[in-house]
Amino acid sequence: MIFIIPFIFGAIGLAVGAVGGAFAAHASSEEDRQKASHHRKVANELNDKYSDLQKRYYELGDQSKSRINDFKRKLAISEVEKDVLHLVVELQQGLIALMFEIENNPTPQALSEFEKAVLVTNTFLFELKKEFIQVPNEYFPCNLKLANEKVPDNRKISLTGNVYPTIQCKKCGQKNRITPHSLRFNFNPACGKCQTSLVANGDPEENLKKMSRRRLKKEGSPKRVRIE
Ligand SMILES: [Zn+2]
């Protein structure tokens, strides 16, 4: 499966940025120094892997202008693809590990960044037709309560608890919230109002293109910053 296109790097970059942000937010409240430095390391490693993939991909693009051996090029592309999929798995595993870590020492900031990171990652996973990262319903309210009891937070961070993407129907405009339940039997959910497929043309490449264009326009390119 060749799904690598420049736009995918925008979408996965947003996910890497958000996951890194969540790790950094949790690390800043972590009392255990060793653990905190481990969290920063995870965030930086994700960032480095992403930058490396991006670099390799663009180099491939440049090489294609000169006359590179077609066989070698295909091989290199499939290597980049494999590494993209590895990075996706690392994002999933990182978020699940972070979910349990935050439970040990919840703070409103870490919960808020974690919530954002899961939503961005799940939106990306939906476009890739991969299973969502699931967070139990009671996770956010319970941990926010614990966090506020420990240190009453003046900034009053509120959480939506929404970690699954909302996809607007192209035909009737209805906004459909996609839940793990709606993907239970297939990865092609339909609009609740008019039954039109919510996966545009069923083509993940097209969706990624649109998604990353829209998001990058709105939010600007994700910044690659090292977390110290
Ligand atoms: Zn509809």
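Residues numbered from 1 in each chain as written. Predicted model: local features only at pLDDT ≥ 70, side-chain atom pairs only at ≥ 80, totals over all residues.

Engineer: Lay out the environment of N104 with the relevant residues and their values.
Structural biologist: Mapped onto the elements, N104 comes out in helix α3 (residues 70-104). Look at N104 and you get exposed, because 10 C-beta atoms sit within 10 Å. Remark: the alpha-carbon pair of N104 and E30, spanning 74 residues in sequence, is separated by 9.6 Å. (Helix = DSSP H or I, 4+ residues; strand = E, 2+ residues; numbered from the N terminus. Buried ≥ 20, exposed ≤ 12 C-beta atoms within 10 Å, placed from the backbone.)

Engineer: Before we move on, could you go through unusual backbone geometry and cite the residues and values that matter?
Structural biologist: A positive phi is found at Q195, a non-glycine position, where the angle reads about 70 degrees. For Q195, the location among the structural elements is in the loop between β2 (175-177) and α6 (204-219).

Engineer: Hey, could you go over the packing of helix α4 (residues 108-127) against helix α5 (residues 139-150) for me, with residue numbers and the actual values?
Structural biologist: Two quantities define a packed helix pair, namely the angle between the helix axes and the distance between the axes. At a closest axis distance of 9 Å, the pairing of α4 and α5 adopts a crossing angle of 155 degrees. Considering the angle they form, α4 stands roughly antiparallel to α5. Between α4, through P108, L111 and E115, and α5, the contact on the second element is made entirely by F140, N143, L144, A147 and N148. Split into classes, the residues belonging to the contact of α4 with α5 amount to 5 nonpolar, 2 polar and 1 charged. (Axes fitted to C-alpha atoms, helices over the stretch in contact; angles between N-to-C directions. Parallel < 35°, antiparallel > 145°, perpendicular 65-115°, else oblique. Contact = placed C-beta atoms within 7 Å. Nonpolar A, V, L, I, M, F, W, Y, C, P; charged D, E, K, R; others polar.)

Engineer: Give me the lowdown on the confidence of the model for the protein chain, citing residues and values where you can.
Structural biologist: Counting all residues, the mean pLDDT for the protein chain is 80, and 78% of those residues have values of 70 or more. Throughout residues 219-223 the model reports pLDDT below 50, and contacts reaching past four residues in sequence, or to other chains, amount to 4 contacts. (pLDDT = per-residue confidence, 0-100.)

Engineer: Run through the nonpolar core, naming residues and quoting values.
Structural biologist: By size, the foremost hydrophobic cluster in this structure holds 41 residues, and its most contacted members are A15, V19, A22, F23, F114, A117 and V118. Broken down by secondary-structure element, the contributors of at least two residues to this core are α1 (6-29), α2 (33-65), α3, α4 and α5. Excluding residues within four positions of it along the chain, V19 makes contact with L46, L91, G94, L95, A117 and T121. (Core = buried A, V, L, I, M, F, W, Y, C linked by C-beta atoms within 7 Å.)

Engineer: Account for the packing of α3 against α4, with residues named and values stated.
Structural biologist: At a minimum axis separation of 11 Å, α3 and α4 run at an interaxial angle of 155 degrees. Our classification of the angle between α3 and α4 gives roughly antiparallel. Helix-helix and strand crossings are classified by hand; for α3 and α4 the assignment is left-handed. On α4, the residues that touch L91, L95, L98, M99 and I102 of α3 are A110, L111, F114, A117, V118 and T121. Looking at the contact of α3 with α4 residue by residue, the classes come out as 10 nonpolar, 1 polar and no charged. (Left-handed = near helix turned anticlockwise from the far one by under 90°.)

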